[in-house]
Amino acid sequence: MTYFSRLSDIVTCNLNELLDREADPQAAILSILREMEAGVAGANRSVATATSNQQRIQSEIDDHRRHIAHWQDKAREELSAGHEEAARRALMRKREVEDLIAGLQQQHTAAVSTSEQLETTRRALEARLAEARRLQEQILSQSNASSANDTVDNLLNDTQVLGAEPDDNESDEVPTGRDPVIEDELAALRRELEQKD
């Protein structure tokens, strides 16, 4: 079953609502994760393409700016040599290049905007994917807890028979990898708090 027809569906979906409609939430979340991962991969490719396009246009603009300087120098040389018509032609070529640059700058502005929009969408997709992974962990831990409920009850009964107390200090949290960007922000906040003291 396909859950998302476009990338914006991933960003705007309500994962809990999607899973509530499913008979097997574990299978559903796996399918959702695969679709989201494919969406993030596609977004990464789109961002790379847009960034490359933006850089290509900027490179063209830079090349044409060098041509403007060339035609300006050419016009100056021709006029110095007394060739007014040749100087006029050089200035006309310079204007053509300036007009070309103006069009390229509009394309560059559009490319920058597209690149920024795609980057924003990519980050939103990655955030949604992280949320789905957390939800998967929750579903798995609930599933494991319910399937292991009988085993836990039996173990608790056994420890009570032996006079031992169950350990309530154990954490149910699953350790996760640390994001270096988040760790940097956390360190900056620590420094900020230390300076206020």
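Residues numbered from 1 in each chain as written. Predicted model: local features only at pLDDT ≥ 70, side-chain atom pairs only at ≥ 80, totals over all residues. Heavy atoms only, no water.

What follows covers the overall build of the protein. Across its full length, the protein carries six helices and zero strands. Helices and strands appear in the protein in the N-to-C order α-α-α-α-α-α. Here the protein, with 197 residues, has 23% of them falling under the buried criterion. Here the protein has roughly 14300 Å² of accessible surface; of this, 49% comes from carbon and sulfur atoms. (Helix = DSSP H or I, 4+ residues; strand = E, 2+ residues; numbered from the N terminus. Buried < 20%, exposed > 50% of the residue type's maximum accessible area, 1.4 Å probe, protein only. Areas by Shrake-Rupley, 256 points an atom, 1.4 Å probe, with all protein chains shown as cover.)

Taking 1.5 Å of rise per residue, the 56 residues of helix α3 (residues 25-80) would be expected to cover 82 Å, and the 81 Å separating its terminal C-alpha atoms lies within 8% of that figure. Phi turns positive one or two residues past the end of α3, at Gly-82, with a value near 85°. (Expected span 1.5 Å × (residues − 1).)

If you look at the biggest cluster of nonpolar residues, it comprises 19 residues, and the most contacted ones within it are Phe-4, Leu-15, Leu-18, Leu-19, Ile-29, Ile-32 and Met-36. Setting aside anything within four residues of it in sequence, one finds Met-36 in contact with Phe-4, Ile-10, Cys-13, Leu-15, Arg-128, Leu-129 and Ala-132. Grouped together as the second largest cluster of nonpolar side chains are eleven residues, Ile-61, Ala-90, Val-97 and Ala-111 included. (Core = buried A, V, L, I, M, F, W, Y, C linked by side-chain atoms within 4.5 Å. Contact = heavy atoms within 4.5 Å.)

The tally for this structure, following the rule as stated, stands at 14 salt bridges. The partner of Arg-123 in a salt bridge is Glu-119, with the nearest N and O atoms 3.6 Å apart. Taken together, the residues Arg-123 and Glu-119, both in helix α4 (residues 84-147) and four residues apart, mark about one turn of the helix. By relative accessible area, which is 21% here, Glu-119 ends up partly exposed. Connected through shared salt-bridge partners, Glu-119, Arg-122, Arg-123 and Glu-126 make up one network. (Salt bridge = Lys/Arg side-chain N within 4 Å of Asp/Glu carboxyl O.)

Before going further, it helps to examine the confidence of the model for the protein. Detailed conclusions should not be drawn from predicted coordinates in areas where pLDDT is low. Model confidence for the protein is summarised by a mean pLDDT of 82, while 82% of its residues fall at 70 or above. No element of the protein has a lower mean pLDDT than helix α5 (residues 149-162), which averages 52, and none a higher one than α3, which averages 93. Long-range and interchain partners of residues 161-166, a stretch whose pLDDT sits below 50, account for two contacts in this model, where long-range means more than four residues apart. Scored below 50 in pLDDT, residues 168-175 shows one contact in the model against residues more than four places distant or in partner chains. (pLDDT = per-residue confidence, 0-100.)

The next point concerns the environment of Ala-87. Looking at the secondary structure, you find Ala-87 in helix α4. Separated by twelve residues in sequence, Ala-87 and Ala-75 place their C-alpha atoms 4.0 Å apart. Among residues more than four places away in sequence, those in contact with Ala-87 are Ala-75, Glu-78 and Leu-79.

Relative to the helices and strands, Gln-105 is located in helix α4. On the accessibility criterion, Gln-105 (33% relative accessible area) is partly exposed. The spacing of Gln-105 and Gln-58 is 47 residues in sequence and 8.0 Å in space, taken between C-alpha atoms. Among residues more than four places away in sequence, those in contact with Gln-105 are Ile-61 and Arg-65.

Bringing the environment of Thr-49 into the picture now. Within the secondary structure layout, Thr-49 lies in helix α3. The class for Thr-49 is exposed, based on a relative accessible area of 54%. As for Thr-49 and Ser-115, which are separated by 66 residues in sequence, their C-alpha atoms are 8.6 Å apart.

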